[in-house]
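Read off the chains here:
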Amino acid sequence: MSIYVGNLSYSVTQDDLSKVFSEYGAVTRVQLPTDRETGRARGFGFVEMESSAAEDAAIQALDGAEWMGRVMKVNKARPREEKGTRSGGGGWQKNNNSGYSRGY
C-alpha cells in the first residue's frame, strides 16, 4: 500500500520525505510528481513503506503535523481513478426538425 502526503512545500525533495518517514519504519519508495510543463513539484507525493504497521504509525504521527512551514495531510493513498471520455456537455443533439444542433 502507499501513503499519500499532501500540502507539501514545493522545495521538498525525495530525500527529505524519506528521512521524515524513516523515523517510523523502512521506506521502500518515494514519488514526488512534477508538473509536465514547468517541471516544478506539485505539492504532494507518495511514500511506500516496508510494513503496514510502519505506514499506520507514520500516518498517525504525521497527519496534521507542521513541516517546512506547511501542515501536512497524510493518509492511505486511494487507487487512481480511471478517467473516462471527456464529455462535459457540448455534444450534438437531434432537434425536433430532424436536424442536429450543438447542445451546451
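From a predicted model like this one, the values you see are computed outputs, not experimental measurements. (Residues numbered from 1 in each chain as written. Predicted model: local features only at pLDDT ≥ 70, side-chain atom pairs only at ≥ 80, totals over all residues. Heavy atoms only, no water.)

As a further point, take the pattern of salt bridges. Taken as a whole and assessed by the stated rule, the structure comprises four salt bridges. Residues E55 and K76 are paired through a salt bridge, measuring 3.2 Å at the closest nitrogen-oxygen approach. Of the two residues, E55 is situated in helix α2 (residues 52-62) and K76 in strand β6 (residues 73-76); the sequence distance between them amounts to 21 residues. Given a relative accessible area of 32%, K76 falls into the partly exposed group. Note that K76 and D56 form a salt bridge whose closest N and O atoms lie 3.3 Å from each other. In this pair, K76 sits in strand β6 while D56 sits in helix α2, placing the two residues 20 residues apart along the sequence. Among the ionic contacts, a cluster of salt bridges with common partners joins E55, D56 and K76. (Salt bridge = Lys/Arg side-chain N within 4 Å of Asp/Glu carboxyl O. Helix = DSSP H or I, 4+ residues; strand = E, 2+ residues; numbered from the N terminus. Buried < 20%, exposed > 50% of the residue type's maximum accessible area, 1.4 Å probe, protein only.)

Inspection of the entire model under this criterion finds three aromatic pairs. Through a chain of ring-to-ring contacts, the aromatic side chains of Y4, F44 and F46 assemble into a single cluster. A cation sits over an aromatic face here: R40 above Y10, 3.9 Å from the ring centre. The residue whose ring lies beneath R70 is Y10, and the NZ or CZ to ring-centre distance is 5.6 Å. (Phe/Tyr/Trp six-rings, centres within 6.5 Å; stacked < 30°, edge-to-face > 60°. Lys NZ or Arg CZ within 6 Å of the ring centre and 35° of its normal.)

Glancing now at the layout of surface pockets. In this structure, the largest pocket spans a volume of roughly 660 Å³. Surrounding the largest pocket, 17 residues form its lining, R42, F44, F46, R80 and E81 being those nearest its centre. If you list the elements that add at least two residues to the lining of the largest pocket, you get β3 (44-49) and β6. When grouped by side-chain class, the residues that make up the lining of the largest pocket number six nonpolar, three polar and eight charged. (1 Å grid on protein atoms, 1.4 Å probe; cavity = no way out; pocket = protein on both sides within 12 Å on 5 of 7 lines; lining within 4 Å. Points joined across faces, edges and corners; volume = space filled by probe spheres on them. Nonpolar A, V, L, I, M, F, W, Y, C, P; charged D, E, K, R; others polar.)

Strand order across the open sheet formed by four strands is β2-β3-β1-β6, with antiparallel pairing between neighbours. Strand pairing shows two members of the sheet lacking a second neighbour, β2 (27-31) and β6, which therefore form its edges. If you compare each strand with its neighbour and ignore which way they point, the axes differ by 20° on average. Where β2 meets β3, four bridges bridge the pair, whose relative direction is antiparallel. Paired with R29 across the strands is E48, a residue of β3. Of the strands in this sheet, β1 (2-6), β2, β3 and β6 are in contact with helix α1 (residues 14-22), which crosses β2 at around 140°. Taken strand by strand, α2 contacts β1, β3 and β6, and its axis lies near 150° from that of β6. (Pairing = 2+ DSSP bridges. Axes fitted to C-alpha atoms, helices over the stretch in contact; angles between N-to-C directions. Contact = heavy atoms within 4.5 Å.)

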